[in-house]
Amino acid sequence: MNRERLLNALENIDVRGKTERELYTEISSACMEEILSGKRKAPVKCAYYFSVEYLMGRMFYNNLLALGVLDEAREIFSAKGFDLNAFENVEDAALGNGGLGRLAACYLDSAANLGYPLYGFGIRYQYGLFRQKFVGGEQVEEADDWLKTWGDPWSVRREEEKIEVRFADMTVTAVPYDMPIYGKSVNILRLFQAEGSAEAEKISEYLYPADDTEEGKLLRIRQEYFFSAAAVGQLVRKYVKRYGNDFGHFSEFHVFQLNDTHAVFAVAEFLRLLTKEYRLSFPRAVEIAKRTFNYTNHTILPEALECWNVKLVEKILPEIAQILTRLHIFAEREWNTCGYPKEEIAEMSIVRGGKFSMANVAVYMSEHINGVAEIHTKILKERLFSAAYRHARGKFSNITNGVTQRRWLLLCNEELARFYDERLGRSWRDDLSLIWNIDCGNPETLAAFAKIKAEKKRQLASYIEKREGVKLLENAIYIAQVKRLHEYKRQLMTAFAILRIYFDLKNGKLPDFTPTVFLFGAKAAGSYKRAKEIILFLNKIAELIANDEDVNARLQVVFVQNYDVSYAEKIVAGSDVSLQVSTAGFEASGTGNMKLMMNGAVTVGTMDGANIEIVEKAGRENNYIFGASVEEINSLDGVYDPVAFAAAHPRIKRVTDTLTDGTFEDADGKLSDLAASLFEETYNRADHYYVLYDLLPLVDALLKVNREYKDRTLFTRKQLENATRSAFFSSDRAIRTYAEKIWGI
Ligand code: 26V
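Residues numbered from 1 in each chain as written. Predicted model: local features only at pLDDT ≥ 70, side-chain atom pairs only at ≥ 80, totals over all residues. Heavy atoms only, no water.

Visitor: Just checking my understanding: could you explain the site of the ligand for this structure?
Guide: If you check the shell around the ligand, you find 17 residues, and the closest are His298, Asn401, Glu587, Ser589 and Gly590. Contact distances for the ligand include 2.8 Å between an oxygen atom and a side-chain N or O atom of Asn401. Separating an oxygen atom of the ligand from a backbone N or O atom of Ala588 is a distance of 3.4 Å. Considering only residue class, the shell around the ligand consists of seven nonpolar, seven polar and three charged. Two domains each put at least three residues into the shell around the ligand: domain 1 (40-57 + 92-401) and domain 2 (448-729). (Near = heavy atom within 4 Å. Polar contact = N/O pair within 3.5 Å; in protein donor to acceptor, adjacent residues only side chain to side chain. Nonpolar A, V, L, I, M, F, W, Y, C, P; charged D, E, K, R; others polar. Domains from an automatic or database assignment.)

Visitor: Help me out: how do you make sense of the packing of helix H3 (residues 60-67) against helix H4 (residues 70-79) in this one?
Guide: Each pair of packed helices can be described by the angle between their axes along with the distance between the axes. Closest axis-to-axis distance for the H3/H4 pair is 7 Å, and the angle between their directions is 115 degrees. Classified by the interaxial angle, the pair formed by H3 and H4 is roughly perpendicular. Judged by residue contacts, Tyr61, Leu64 and Leu65 of H3 engage Leu70, Ala73 and Arg74 from H4. Residue composition of the contact of H3 with H4, by class: five nonpolar, no polar and one charged. (Axes fitted to C-alpha atoms, helices over the stretch in contact; angles between N-to-C directions. Helix = DSSP H or I, 4+ residues; strand = E, 2+ residues; numbered from the N terminus. Parallel < 35°, antiparallel > 145°, perpendicular 65-115°, else oblique. Contact = heavy atoms within 4.5 Å.)

Visitor: Is there a simple way to explain the side chain of Asn611 in this structure?
Guide: Position of Asn611 relative to the elements: it lies in helix H24 (residues 611-618). Take Asn611: its relative accessible area is 3%, and that puts it in the buried class. Polar side-chain contacts of Asn611 include one of 3.1 Å to the backbone oxygen of Gln580. (Buried < 20%, exposed > 50% of the residue type's maximum accessible area, 1.4 Å probe, protein only.)

Visitor: What am I meant to see in the pairing of strand E2 (residues 54-57) here?
Guide: Within a regular strand, the side chains alternate between the two sheet faces. Here E2 shows two buried faces, one formed by Tyr54 and Met56 and the other by Leu55 and Gly57. Alignment of E2 against strand E3 (residues 93-95), held across three bridges, turns out to be antiparallel. Bridged to Tyr54 within E3 is Leu95. (Pairing = 2+ DSSP bridges.)

Visitor: Whenever I open this one, the sheet that holds strand E19 (residues 516-521) confuses me. Can you help?
Guide: What holds strands together in a sheet is hydrogen bonding between their backbones, with the strands either parallel or antiparallel. Here six strands make up an open sheet; going across it, the order is E20-E19-E18-E21-E22-E23 and the pairing parallel. Each end of this open sheet is capped by a strand with a single partner; those strands are strand E20 (555-559) and strand E23 (624-625). With two bridges joining them, strand E18 (residues 477-482) and strand E21 (residues 577-580) adopt parallel strand pairing. Paired with Ile479 across the two strands is Val577, which belongs to E21.

Visitor: Looking at this structure, I do not really get unusual backbone geometry. What am I missing?
Guide: Among all residues save glycine, negative phi is the norm, and among peptide bonds the norm is trans. You will see that Tyr208, though not glycine, has its phi angle at about 45 degrees, which is positive. Tracing the sequence through the fold places Tyr208 in the loop between helix H6 (198-201) and helix H7 (214-243). Its relative accessible area of 26% is what places Tyr208 among the partly exposed residues. The phi torsion at Arg279 lies on the positive side, around 60 degrees, for a residue other than glycine. Of note, Arg279 is situated in the loop between helix H9 (265-277) and helix H10 (282-290).

Visitor: Help me out: how do you make sense of the sheet that holds strand E15 (residues 355-357) in this one?
Guide: Read from one edge to the other, the open sheet built from three strands follows the order E13-E15-E14, with strand pairing classed as antiparallel. Edge positions in the sheet fall to strand E13 (307-309) and strand E14 (351-352), since each of these pairs with one other strand and no more. The sheet contact formed by E13 and E15 spans three bridges and is antiparallel. Note on E15: the bridge partner recorded for Cys307 is Ser357. Helix H14 (residues 358-365) rests against E13, E14 and E15 of the sheet, and its axis sits at about 45 degrees to E15.

Visitor: For this particular structure, what's the right way to read the pattern of salt bridges?
Guide: Inspection of the entire model under this criterion finds 59 salt bridges. The partner of Arg272 in a salt bridge is Glu269, and the shortest N-O contact between them spans 3.0 Å. Of this pair, Arg272 and Glu269 both sit in helix H9, separated by three residues, roughly a single helical turn. Each member of the salt-bridge network shares a partner with another, and the members are Arg157, Glu159, Lys162 and Glu195. (Salt bridge = Lys/Arg side-chain N within 4 Å of Asp/Glu carboxyl O.)

This is how it looks when you write it as structure tokens:
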């Protein structure tokens, strides 16, 4: 990369008479030319990341930052009378759903910046995660036609590298689009677009098409096989071309990382190619695959652990079904020879109840299996994969997630970055652990940090006013809960806690209450009815409070629309408090918790996922931990009775009654299912996620924050201690660990 040449090229762009899109394309293309100009030498061994999601967010600012020209570019164009902030309207590349997809993006960023050869494979969806609007408080989904307005100048179509993917009933062309990831090395995210018949093109149309019908399930299977087979096909062919078909050395050059189970068909395709096209024996192919694949698990929720009906797979991928069935028999024979007990073999089996357990394929075939936070990995070992763990302890390890400080600090909070520059020089930008050296007791330092937090809060408020038309309370505590909407994340519990505070304010029980704003951002999966009801409930609460003159100067609830990566950048920088209140044992890690910490928010949270490690690093005294631990939740199993529990606690009953007593009568009976979820057995047991059990402890934690916030120096110090101890949660640390412990690159 030649920085001078790039700056020159930018200088030479004429802005006159051009539309924003034209300028966007022209500036982006100038950068792309530089990015792609360097000659790359092929490293010996590369790691390949297989993921069905990549939540890249906006590429423009990130790439200019990576190229080291962001500040100058702003100046160059402002001198020409054009404000680069105009590109804040560019759509996010939202080819993902939540934490798993954003993690993939952070990992690509870190690998490139550290110079590790990590290449991503995925799907180039025509429509990303839906856009969300609220109408009458309810979520309305719109297709995310992300290429329509601004195009995609950050990718290159590689026509010459397309590859055919065969199903029983059709052949699909997988056309790669390469998105360079710029850093110390220039890596590539390769997304495949499906081309061919109208049926074929459906494969890369939508992210997570509904899978509640057989047709939907088939489409999901097609998606997963489509990109896995395209990727494996290319890599295997390239290998054969270069080294011939002695696959004994394949794993010296390749290591595959499966991001959850969505690409487990890659294992089957690999075996298919080696045995059918290159005539290796089945055992030999298995042996080679076992040295090549690794698997990261991201959830223990049973409904998210993929199992595909054998009959369904046979229908469109007969050879693949045959291979998986053969693998099932092969593995069982091995386990029987070893004398493993029947129950354990049943637990580890690849075919269970007429379905392929994709997680069991991954566990059997991977050299390394990892969880994404200490407690999560412990649960994998002790519960989810306990049998496999007993027989292959060495395969399991933990790699706690991380987030890239380039997007989640440098880009979203340049004020804080400058604060570190002024005190530490610039070296912390390459080694985040240096921020630990900030003296959090120094009054001048604290005052400077407080000023930055106040400024980021102002910026957030003005952004929200622009986007939502709502003015946030000033001089208030900003508390954020931003993440996918799911029952286990317990946005419903926060809703009740807010109502509790609301009633107590009205009763005059909270005389010294510091004004507080609760910010929510979340999308509910299209078919997830209960999650949508929680959104409606929160919007109704927001409305109730906003219209109540007694409290609306002290309490406010804002549920922002269309929460995405770009919105997150504003919210994590401008929040005081991070809400991480999942039922202990259910949040694998969480990564929003890390982003908020990095920007100096204190955590109000349960001992779950990475929260545990966050308070370990930042100090329990600097955060607000509450609620039942994993052990306590386990001990409540079969004992806990939410009906009796609510009856015994009038303060709880008062707020749950609002779901059915007409408080929100215009919600049209739509909230009664939420009451049912708490007090009756539905698809889960009553109050499966212990919302009521942890509710009053949450209220206490929030009121403790409210009291302690008054001591501005003390509270600011807690925030700064969190920010300066966040280095462990950099994805640079995580990627280094993957590279050293798992990939050997
Ligand atoms: C959920 C859903 C629900 C709607 C339909 C499609 C769909 C697809 C996947 C999932 C969950 C996948 C697993 C996942 O996203 N896990 C998250 O991974 C993060 C990165 O490791 C981690 O921080 C979060 O705790 C974990 O929930």
